[in-house]
Amino acid sequence: MDATTLGALLVGIGGLASALVAFLGKRGENAIGLYSNLTNDLQEERDALRLQLTEAHAQRAADLAEITRLRMEIVRLGGTP
């Protein structure tokens, strides 16, 4: 095997190795992009649930205040709560 053939063979192997590295790198880039999108989606869902929980706490506080008001009204009218 002469030097030209050996050089061509090494260039071909180098090209295949470069293609493999590029392919694996692109797969890794896609995986990171998917992970980032998933993380963003989960954070948005968490924020929405946190808002719903805050609203539920506010509604509960309003309901407890109304119950207290109604009990006071019952007592004022002479009943037993």
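What this report covers is the structure whose coordinates are included nearby.

The rules behind these values
Residues numbered from 1 in each chain as written. Predicted model: local features only at pLDDT ≥ 70, side-chain atom pairs only at ≥ 80, totals over all residues. Heavy atoms only, no water. Salt bridge = Lys/Arg side-chain N within 4 Å of Asp/Glu carboxyl O. Buried < 20%, exposed > 50% of the residue type's maximum accessible area, 1.4 Å probe, protein only. Helix = DSSP H or I, 4+ residues; strand = E, 2+ residues; numbered from the N terminus.

**Some words on the pattern of salt bridges**
Scanning the model with the defined rule gives 3 salt bridges in all. A salt bridge links arginine 46 to aspartate 47; the nearest nitrogen and oxygen atoms lie 3.1 Å apart. Taking relative accessible area as the criterion, aspartate 47 reaches 40% and is therefore assigned partly exposed. As a salt-bridge pair, arginine 69 and glutamate 66 come within 2.9 Å of each other at their nearest N and O atoms. Taken together, the residues arginine 69 and glutamate 66, both in helix H1 (residues 3-76) and 3 residues apart, mark about one turn of the helix.

**Notes on the environment of leucine 16**
With respect to the helices, strands and loops of the structure, leucine 16 is situated in helix H1. On the accessibility criterion, leucine 16 (63% relative accessible area) is exposed.

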